[in-house]
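# Commentary on secondary and tertiary structure
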There are 2 protein chains.
Amino acid sequence: MKLTSKGRYAVMALVDLAKFDNFNPVSLRDISLRQGISLDYLEQIFSKLKKNEIVKSIRGTHGGYVLNKNPNDIKLTNIFHAVDEKVKTVQCKKESKKGCNGKSTKCITHNLWDELEIHINTFFENKSLKDLINNNKETRV
Amino acid sequence: MKLTSKGRYAVMALVDLAKFDNFNPVSLRDISLRQGISLDYLEQIFSKLKKNEIVKSIRGTHGGYVLNKNPNDIKLTNIFHAVDEKVKTVQCKKESKKGCNGKSTKCITHNLWDELEIHINTFFENKSLKDLINNNKETRV
DNA sequence: CTAATCTTGACCATTTTAGTCAGGTATGTA
DNA sequence: TACATACCTGACTAAAATGGTCAAGATTAG
């Protein structure tokens, strides 16, 4: 199971981005300064977000990024998937002689991890960027 | 967030153990062979399980381990906690000048990870070793 | 033209993971 | 008492993942 800072940074950056309208692109430099994330690292992350059509890029001076979708339609699942955060629990090695497939029976914890994965994914599928923005406003008071 | 094979092995071994009565201790060697887990690694894991009073050890010939509690009272939370699997999402660095605490506002994703953590922990608190044993019987047919 | 910005890919130090290895110590059995 | 079985402990390590940095370009507004 993986949920690392790359995923967290992606979410932070997108929430930041979502606060602006779609006519003035936001530069990574600004996000970097506001969120305290290394610019070079942000570039890697946004490259992936763009490939997954979550953001659009505008090149050149005063360029930057804008959201490519309505914040309500960007689910956390989409974001994590884009930056390769697999919400996957430890898998039984499928090729191995040992464990899950070497024996006639299924590995005894197999169903457990399946269940957990569904549990977590459901959580992420039901959370959108918009939820986070609202949530943030509330707690900022 | 961490959920690695150490946690999975612990669960596999305990489910294995739970299939036997508490009068005949089960040796790690047997578990090692049945589950395909390195004996040396199992010893590390069981050392921790013992410290957390999840299993009892019997030394000497024909020794081994037995459960120290009713399978119904051993929750997955207990097991993961015992082997240091922290069900923790990526934290904002508390000391850092950047991110969460360097600014006057809370990091914008802070609440999200809190929520997720609760979500996952709830899942593990509600699953006991007994649930896994039953589940395993069903799917074995 | 040039400065700002996105784009791409290679590189790397550190930490974590998933163990191995090498010795113990305790105890039942012959 | 000897010995085999099994627990116990700590040090060590190869490989992978993490969280970046660095360098060199391509694009476009002004």
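Above this note sits the structure.
Residues numbered from 1 in each chain as written. Chains lettered and ligands numbered in written order. Predicted model: local features only at pLDDT ≥ 70, side-chain atom pairs only at ≥ 80, totals over all residues. Heavy atoms only, no water.

### Some details on the environment of Ser 32 of chain B
Residue and element names in this part refer to chain B. The residue Ser 32 is located in helix H2 (residues 28–35) in this model. Exposure remark for Ser 32: the relative accessible area of 14% places this residue in the buried category. Excluding residues within four positions of it along the chain, Ser 32 makes contact with Ile 37, Ser 38, Leu 39 and Leu 42. (Helix = DSSP H or I, 4+ residues; strand = E, 2+ residues; numbered from the N terminus. Buried < 20%, exposed > 50% of the residue type's maximum accessible area, 1.4 Å probe, protein only. Contact = heavy atoms within 4.5 Å.)

### Quick notes on the packing of aromatic side chains
One pass over the structure, following the stated rule, counts 10 aromatic pairs over all chains. Note on Phe 80 of chain A and Phe 124 of chain A: the rings are 4.7 Å apart at their centroids and 65° apart in plane angle, and the pair reads as edge-to-face. Taken together, the residues span a long stretch of sequence, with Phe 80 of chain A in helix H4 (residues 76–82) and Phe 124 of chain A in helix H6 (residues 110–125) at a distance of 44 residues. Each of the two residues, Phe 80 of chain A as well as Phe 124 of chain A, counts as buried. Site record: aromatic cluster; members linked through ring pairs are Phe 80, Phe 123 and Phe 124 of chain A together with Trp 113 of chain B. (Phe/Tyr/Trp six-rings, centres within 6.5 Å; stacked < 30°, edge-to-face > 60°.)

### A few points about the protein's contact with DNA strand D
The full set close to DNA strand D counts 26 residues, and Ser 38 and Gln 44 of chain A together with Lys 50, Ser 57 and Tyr 65 of chain B are the nearest of them. Between DNA strand D and Lys 50 of chain B, the relevant distance is 2.6 Å, taken from a phosphate oxygen to a side-chain nitrogen or oxygen of the residue. Separating a base oxygen of DNA strand D from a side-chain N or O atom of Arg 59 of chain B is a distance of 3.3 Å. Looking at the surface near DNA strand D, the elements with two or more residues in it are helix H1 (5–18) and helix H3 (39–51) of chain A together with H2, helix H3 (39–51), strand S1 (55–58) and strand S2 (64–67) of chain B. Taken together, the residues that form the surface near DNA strand D break down as 6 nonpolar, 13 polar and 7 charged. (Near = heavy atom within 4 Å. Polar contact = N/O pair within 3.5 Å; in protein donor to acceptor, adjacent residues only side chain to side chain. Nonpolar A, V, L, I, M, F, W, Y, C, P; charged D, E, K, R; others polar.)

### Examining the pairing of S1 of chain B
Residues and elements named next belong to chain B. With 4 bridges connecting them, S1 and S2 associate as antiparallel partners. Within the sheet, the bridge partner assigned to Lys 56 lies in S2 and is Val 66. Here S1 hands over to S2 after 5 residues, with Gly 60 in that stretch at a positive phi of 85°. (Pairing = 2+ DSSP bridges.)

### Here we look at the protein's contact with DNA strand C
In the vicinity of DNA strand C, 29 residues are found, and the nearest of them are Lys 50 and Tyr 65 of chain A together with Tyr 9, Ser 38 and Gln 44 of chain B. The contact atoms of DNA strand C, taken as those within 4 Å of the protein, divide so that sugar and phosphate hold 63%. Here a phosphate oxygen of DNA strand C sits 3.2 Å away from a polar atom, N or O, in the side chain of Thr 4 of chain B. Residues that form the surface near DNA strand C fall into these classes: 6 nonpolar, 15 polar and 8 charged.

### Considering H6 of chain A
If you check H6 of chain A, its first and last C-alpha atoms are 23 Å apart, about what 16 residues at 1.5 Å a residue would give, namely 22 Å. Here H6 of chain A has its buried residues at His 110, Asn 111, Leu 112, Trp 113, Leu 116, Glu 117, Ile 120, Phe 123 and Phe 124 of chain A. (Expected span 1.5 Å × (residues − 1).)

### A word on the environment of Leu 129 of chain A
Residues and elements named next belong to chain A. Relative to the helices and strands, Leu 129 resides in helix H7 (residues 129–140). The buried category is assigned to Leu 129, whose relative accessible area is 0%. Setting aside residues up to four positions removed in sequence, Leu 129 forms contacts with Leu 14, Val 15, Ala 18, Leu 67, Pro 71, Ile 74 and Ile 79.

### Looking at the packing of H1 of chain A against H3 of chain A
Residue and element names in this part refer to chain A. It is at 10 Å that the axes of H1 and H3 come closest, and there the two elements cross at 80°. When the interaxial angle is binned, H1 and H3 end up roughly perpendicular. Between H1 and H3, the residues in contact are Lys 6, Tyr 9, Ala 10, Ala 13, Leu 14 and Leu 17 and Tyr 41, Leu 42, Gln 44, Ile 45, Phe 46, Lys 48 and Leu 49, respectively. For the contact of H1 with H3, the residue count by class is 10 nonpolar, 1 polar and 2 charged. (Axes fitted to C-alpha atoms, helices over the stretch in contact; angles between N-to-C directions. Parallel < 35°, antiparallel > 145°, perpendicular 65-115°, else oblique.)

### Observations regarding the pattern of salt bridges
Within the structure shown, the criterion is met by 4 salt bridges over all chains. Taking the shortest distance from any N to any O, the salt bridge between Glu 115 of chain A and Lys 127 of chain B comes out at 3.1 Å. Residue Glu 115 of chain A is found in helix H6, and its partner Lys 127 of chain B is found in the loop between helix H5 (110–125) and helix H6 (129–140); the two belong to separate chains. Glu 115 of chain A sits in the partly exposed class, given a relative accessible area of 32%. Residue class for Lys 127 of chain B comes out buried when judged on its relative accessible area of 16%. (Salt bridge = Lys/Arg side-chain N within 4 Å of Asp/Glu carboxyl O.)

### Quick word on the side chain of Ser 128 of chain B
All names here are of chain B. By the element assignment, Ser 128 lies in the loop between H5 and H6. Here Ser 128 falls in the buried class, since its relative accessible area comes to 0%. If we skip the residues at most four places from it in the chain, Ser 128 touches Pro 71, Asn 72, Ile 74 and Lys 75.

### Thoughts on the nonpolar core
Among soluble globular proteins, nonpolar side chains are generally buried collectively. Within the largest apolar cluster, 76 residues are counted, with the highest numbers of intra-cluster contacts made by Phe 46 and Leu 49 of chain A together with Phe 46 and Leu 49 of chain B. In this structure, Phe 46 of chain B is in contact with Ala 13, Leu 17, Leu 28, Ile 31, Val 55 and Tyr 65 of chain B, ignoring residues within four places of it in sequence. (Core = buried A, V, L, I, M, F, W, Y, C linked by side-chain atoms within 4.5 Å.)

### With respect to unusual backbone geometry
Both trends apply: most residues other than glycine have a negative phi, and most peptide bonds are in trans. Look at Glu 53 of chain A: it is not a glycine, yet its phi comes out positive at around 55°. With respect to the element layout, Glu 53 of chain A can be found in the loop between H3 and strand S1 (55–58). Residue class for Glu 53 of chain A comes out exposed when judged on its relative accessible area of 52%. Phi at His 62 of chain B is positive, roughly 60°, even though this residue is not glycine. Structurally, His 62 of chain B can be placed in the loop between S1 and S2. On the accessibility criterion, His 62 of chain B (73% relative accessible area) is exposed.

Read these as spatial facts, not as claims about activity.
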